Amino acid sequence: MKDTNKVVWSVLFITLLCLIIVQISRIGEIHWLFPQQEIKMMKHGLLPTVLSDVEGDQLNILVLGNEKSLKNNPSLRHLNKSLELGKLSYSYIETLDQVAITPYTIVIILDEKKAIAEEDNIRTFVNEGGRLFVGLRFFHPDLNDVMGIEEVNGYHQDDLNGITFTKSFAPIYPDIEDQDGKIPNNSLDLTLQNDSEVYVKSQGTPILWYHSYGKGKVAYWNGTMLQGKGARGLLLQSLSLLPPRFVSGRLEMSVFFIDDFPAPFPDGDHENITPTFNTSVGSFFKNIWWPDMKDLQNKYRLKYTHAFIGTYRSDQRLNTEQLIKQNQAKFLFYGRDALQNGDELSLHGYNHQSLVTKNEPIAKDYGYIPWVNQEQMENATTQVMKMHENLFPKYKIKTYVPPSNVINTTGLKALKRSAPSINTISSLYLGGTEQGSFIQEFGYDDNAGYFHLPRVSSGYAPDLYERFSYADALANAGIFSHFIHPDDLLDPYRNKGYRWPDLNVELDRHLNKIYETYPFLKGVTAQEAKKLYRAYSKSEMKIDYQENKIILYGKNLVSPSVFLIRLNDNETLKTGAFDGYKVSGIKGFNGLYTIETFKGKTIVPIKRGES
């Protein structure tokens, strides 16, 4: 009898417990019983520091001029950032008459007056084996034979638009017939000597060519595109064609953002979804889109950084409790799954209204309602942060993505006060600020106290300009920073005429080309990218170019370290896995390789006379 009573009471207790759990789950509080733990981020160790006596050649990059004379030269600014990301440096020289001439000495000309004044020294420098890089076109007939120019007919009356690669030297870049003037060049109207090798043209005019003179070599940019931020990768890669060998450092990181996710997706039917999949919008995203995105993630070892919003309403009427009630089911489902995959949750905003007041710029096309003041921004941001804390009590938000990539001074101040855990802002790398876009460089802003991690490209089916942008950032330092929105496929402008699964196929095609070209790309979240960049920026790269080998070493190099190696004199590297490092050849580009090493000192043997 006692045993029977025990069984009955046990059954009643279990039944009651189950009823309590079900009831708690109905009001959305069951997550408190099993709170999401903080996800451990990828750690980047350091390779052992190796000191080595220099036995071979060292790359020596020199800029003709001085800091004062070139202070406002935009080409110098982009040269500086390009070399900085590639772990290279330069020095100023006032004249070439004291320069030690070797095939690894590159002199860069960005100032026409200075070049003309150094005419005789330039001729001697190149003739005796130096390398000359003309980054900004200039007209001086007495140097035409050195530059590989036959005749100059003045300047083109109008800018030349677009770019065509007549010789491929940097991977993935597309040719662009530019009707929008996004890739302009103010160029000389000229003809070249027969022995000049043209690599880039615009509307039939040579833009980049190389010319051998005596024992040396000249690279000449007949245009102004190096004055723009979007050609830093081309700058570095065109520079790399001058010496016999050239090595640059690489971050080799892939950061993939999904904006407006998780978000309160509107349910119901949609013409781009329901007829094809016979399901609602909400069901499509849960059962088709999200599994497809996870398949891509697994295929390319991606890590997503998800930027969530609390509501699509333009006002701030929903308080924390209402936000929780509206979002808890979707946020817990997608958020937990994302964190289990190693992803990051970041803040996109209380709503999708950019944090600007009526006195701060923003494109009218967005149709956004300006915020009244900083206090209103802070109150709303506090509400959505409290919602997140309720749903994920052990997970801190550290990254912010501005809605439509727009934020200004008032918004930054409001963010600092209402979301103090945020240390990273991810907006745009390229573009203008006239319409309020927050344009960033990679790195720390000591004044604002934020790390800047801009996005370079966007879309499931990137257009030619987006492709050019991500190709350039990859060519510069191995950076792929891209974003999409789940609802791009619902928007006729953003989906570019594609539907699902065609958009997924397009994205897969682009990722496949990128990862095939750069197999050592590492998928990282925004916070992991911040830590990787910080470690990379503190490292010192040393390269020793010896007769039959290249020696890679340095101080505080990240583990693993990745380098881009270009061999220009009919030399090759053996590809594959070796003792502590791997070498991969870039398909379609003779003499171009990426190397991933886990060693403090890596000796890479070179083979001669083999293709």
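Residues numbered from 1 in each chain as written. Predicted model: local features only at pLDDT ≥ 70, side-chain atom pairs only at ≥ 80, totals over all residues. Heavy atoms only, no water.

1. Some points on the packing of helix α6 (residues 232–239) against helix α12 (residues 464–477)
Taken N-terminus to C-terminus, the directions of α6 and α12 make an angle of 45°; their axes are 7 Å apart at the nearest point. Comparing their axes, α12 and α6 come out oblique. The two elements α6 and α12 cross, and the hand of that crossing is left-handed. Residues R232, G233, L234, L236 and Q237 of α6 lie in contact with α12, whose contacting residues are F468, D472, A475 and N476. Partitioning the contact of α6 with α12 into residue classes produces 4 nonpolar, 3 polar and 2 charged. (Axes fitted to C-alpha atoms, helices over the stretch in contact; angles between N-to-C directions. Helix = DSSP H or I, 4+ residues; strand = E, 2+ residues; numbered from the N terminus. Parallel < 35°, antiparallel > 145°, perpendicular 65-115°, else oblique. Left-handed = near helix turned anticlockwise from the far one by under 90°. Contact = heavy atoms within 4.5 Å. Nonpolar A, V, L, I, M, F, W, Y, C, P; charged D, E, K, R; others polar.)

2. Side note on unusual backbone geometry
In this structure, P501 follows W500 across a cis peptide bond, with omega equal to 15°. Checked against the element boundaries, P501 lands in the loop between β23 (479–484) and α13 (502–517). Between S559 and the following residue, P560, the backbone shows a cis peptide bond with an omega angle of -5°. On the secondary structure map, P560 appears in the loop between β27 (558–559) and β28 (561–567). The backbone of Q203 shows a phi angle near 50°, a positive value even though the residue is not glycine.

3. Considering the sheet that holds strand β2 (residues 60–64)
With mixed pairing, the 8 strands of this open sheet are ordered in space as β3-β2-β4-β5-β13-β12-β11-β8. Of all strands in the sheet, those bounded by a partner on one side alone are β3 (91–93) and β8 (164–165). (Pairing = 2+ DSSP bridges.)

4. Focus on the environment of Y515
With respect to the helices, strands and loops of the structure, Y515 is situated in helix α13. The sequence separation of Y515 and Y300 amounts to 215 residues, and the corresponding C-alpha distance is 7.4 Å. Apart from residues no more than four positions distant in its own chain, Y515 is found in contact with S254, Y300, L302 and L521.

5. Some remarks on the packing of aromatic side chains
All chains considered together, the criterion is met by 32 aromatic pairs. Judged by centre distance (5.8 Å) and plane angle (75°), the ring pair of F169 and Y199 falls under edge-to-face. Of the two residues, F169 sits in the loop between β8 and β9 (184–185) while Y199 sits in strand β11 (residues 197–202), which places them 30 residues apart along the sequence. Here a set of aromatic residues connected by ring pairs shows up, and it is made of F261, F265, F277, F284, F285, W289, W290, F333, Y334, Y460 and W500. The cationic tip of R455 hangs over the ring face of F483; the distance from NZ or CZ to the ring centre is 4.1 Å. (Phe/Tyr/Trp six-rings, centres within 6.5 Å; stacked < 30°, edge-to-face > 60°. Lys NZ or Arg CZ within 6 Å of the ring centre and 35° of its normal.)

6. Points about the side chain of K522
Checked against the element boundaries, K522 lands in strand β24 (residues 522–523). For K522, the side chain forms a polar contact with the main-chain oxygen of L251, separated by 3.4 Å. When near neighbours in sequence (up to four residues on either side) are disregarded, K522 contacts L251, E252, M253, S254, L532 and V562. (Polar contact = N/O pair within 3.5 Å; in protein donor to acceptor, adjacent residues only side chain to side chain.)

7. A few points about the pattern of salt bridges
Enumeration over the complete set of coordinates arrives at 20 salt bridges. For the salt bridge of E441 with K229, the shortest nitrogen-to-oxygen distance reads 3.8 Å. Linking E441 in the loop between β19 (424–425) and β20 (443–445) with K229 in the loop between β13 (216–221) and α6, this pair joins segments that are 212 residues apart in sequence. K229 gets classed as buried once you look at its relative accessible area, which sits at 15%. Between R455 and D259 there is a salt bridge; the shortest N-O distance is 2.9 Å. Within this pair, whereas R455 is found in the loop between β21 (450–452) and β22 (457–458), its partner D259 is found in strand β15 (residues 253–259), the two being separated by 196 residues in sequence. (Salt bridge = Lys/Arg side-chain N within 4 Å of Asp/Glu carboxyl O. Buried < 20%, exposed > 50% of the residue type's maximum accessible area, 1.4 Å probe, protein only.)

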